Amino acid sequence: MDHLLNMKNREELKLCGIEHIYSFNDTKIELRTVSGDVSIQGENLDMGKLSIEDGMVNIKGSINSIVYSKISKKDEEGFLKKLFK
C-alpha cells in the first residue's frame, strides 16, 4: 500500500496508507503510516471518514503542521520479519 497525502487550502486533508491511529483530539492527530509516524497539528481538527481496513482518513480543520518521524532500521527489520514469517 502506498502512502498518499492530499491537502486542499490547509483545511482538508486526505491520507492513504494509514496503519494505526495513536491519538486524536481537536488540536493534534498522531498516526502511523506505511512511511512512518505522522503528527498533524492545527485547530478544530475533525476526522470525518475513517477506514483502517482501507488505510484512509479524511481530516478537516485549520491545519498548521504535518511532521513525519524517521523510520528506524529496527522498525523496518521488524516489519520485514513479520511480513516474511
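Relevant structure appears above.
The structure contained in this document is the topic of the report that follows.

Calculation notes
Residues numbered from 1 in each chain as written. Predicted model: local features only at pLDDT ≥ 70, side-chain atom pairs only at ≥ 80, totals over all residues. Heavy atoms only, no water. Core = buried A, V, L, I, M, F, W, Y, C linked by side-chain atoms within 4.5 Å. Buried < 20%, exposed > 50% of the residue type's maximum accessible area, 1.4 Å probe, protein only. Helix = DSSP H or I, 4+ residues; strand = E, 2+ residues; numbered from the N terminus. Contact = heavy atoms within 4.5 Å. Pairing = 2+ DSSP bridges. Patch = residues over 30% accessible without salt bridge, like charges linked within 9 Å, V, L, I, M, F, W, Y side chains within 5 Å. Areas by Shrake-Rupley, 256 points an atom, 1.4 Å probe, with all protein chains shown as cover. Salt bridge = Lys/Arg side-chain N within 4 Å of Asp/Glu carboxyl O. Lys, Arg positive; Asp, Glu negative; His and termini not counted. Charge placed at Lys NZ, Arg CZ, Asp CG, Glu CD.

Remarks on the nonpolar core
Leu 15, Ile 29, Leu 31, Ile 40, Val 57 and Ile 59 are the most contacted members of the largest nonpolar core, which has 13 residues in total. Counting only elements with at least two residues in this core, the list comes to strand 2 (12-16), strand 3 (18-24), strand 4 (28-33), strand 5 (36-51) and strand 6 (56-68). Element by element, the count of residues in this core is highest for strand 5, at four residues. Apart from residues lying up to four places away in sequence, Ile 40 is in contact with Leu 13, Leu 15, Thr 27, Lys 28, Ile 29, Leu 45, Ile 59, Ile 63, Ser 65 and Ile 66.

Topic: the pairing of strand 1 (residues 4-8)
Strand residues, when the strand is regular, have side chains that alternate between the two faces of the sheet. In this structure, strand 1 lies alongside strand 2, joined through five bridges in antiparallel fashion. The partner of Leu 5 across the bridge, within strand 2, is Leu 15. Here strand 1 folds back onto strand 2, and the loop between the two strands holds three residues, one of which, Asn 9, carries a positive phi near 55 degrees.

A look at a positive patch on the surface
Among the surface-exposed residues, Lys 8, Lys 14, Lys 49 and Lys 60 lie close enough to one another that they form a single positively charged patch. As for its position among the elements, Lys 60 is in strand 6.

Considerations on unusual backbone geometry
Phi at Asn 9 is positive, roughly 55 degrees, even though this residue is not glycine. You can see Asn 9 is positioned in the loop between strand 1 and strand 2. Judged by relative accessible area, which is 62%, Asn 9 ranks as exposed. With a phi close to 55 degrees, Asn 44 is a non-glycine residue in the positive phi region. Examined against the element boundaries, Asn 44 turns out to sit in strand 5.

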